[in-house]
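Next come the chains, spelled out residue by residue.
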Amino acid sequence: MAVNDTIADMLTRIRNANMARHQTTQVPSTKMTRSIAKVLREEGFIGEFEDAGEGIGRNLVISLKYKGKNRQPLITTLKRVSKPGLRVYSNKKELPRVLGGIGIAIISTSSGIMTDREARRQNLGGEVLCYVW
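Analysis parameters
Residues numbered from 1 in each chain as written. Predicted model: local features only at pLDDT ≥ 70, side-chain atom pairs only at ≥ 80, totals over all residues. Heavy atoms only, no water. Buried < 20%, exposed > 50% of the residue type's maximum accessible area, 1.4 Å probe, protein only. Helix = DSSP H or I, 4+ residues; strand = E, 2+ residues; numbered from the N terminus. Pairing = 2+ DSSP bridges. Salt bridge = Lys/Arg side-chain N within 4 Å of Asp/Glu carboxyl O.

Considering the pairing of strand β3 (residues 59–64)
Here is the key point about a regular strand: its side chains alternate between the two faces of the sheet.
Now for step 1: β3 sits mainly inside the fold: five of its six residues count as buried.
Now for step 2: Strand direction decides the pairing type here: strand β1 (residues 24–28) and β3, joined by five bridges, are antiparallel. From the neighbouring strand, valine 27 faces β3, where its bridge partner is leucine 60.
Now for step 3: Examined bridge by bridge, strand β2 (residues 46–52) and β3 share five bridges and lie antiparallel to one another. Counterpart to glutamate 50 in the pairing with β3 is valine 61.
Now for step 4: Counting the residues that bridge the hairpin from β2 to β3 gives six residues, and of these glycine 53 lies at a positive phi of roughly 90 degrees.

Here it is in structure tokens:
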């Protein structure tokens, strides 16, 4: 099935797998989904991820993280900000702070995909892809 908004699709798949307490989830592998997964891993929201499959059917297998005995998901909320129908951009002065710095905003900048903290450090603005906390 062809999906127009691969980022929203990825976030929804992670959200659903988290609610069902799955160990791993699969999302179609693109440059964009791979770099978002990389940021999520660096921020400690997910475990490892790897490519599976060949050619056009390539998937990214993402292992999810839970905490405590009753396995609470580490990611409580994934929220898409900039959509294909309404893009949201932010300059370096107006980069969003998610929950006063507890959460992260994933920003697509001219130097690649990064967190709001990293973009602030490098003095970059860009497209606000999503919020995670």
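Regarding the pattern of salt bridges
Now for step 1: This structure, assessed with the given rule, holds ten salt bridges.
Now for step 2: When the shortest N-O distance is used, the salt bridge between aspartate 51 and arginine 58 registers 3.6 Å.
Now for step 3: The salt bridge involving glutamate 118 is made with arginine 121; its shortest N-O contact spans 2.8 Å. Residue glutamate 118 and its partner arginine 121 are located together in helix α3 (residues 116–121), separated by three residues, close to a single helical turn.
Now for step 4: Ionic contacts of the salt-bridge type, sharing partners, join the residues Arg34, Asp51 and Arg58 into one network.

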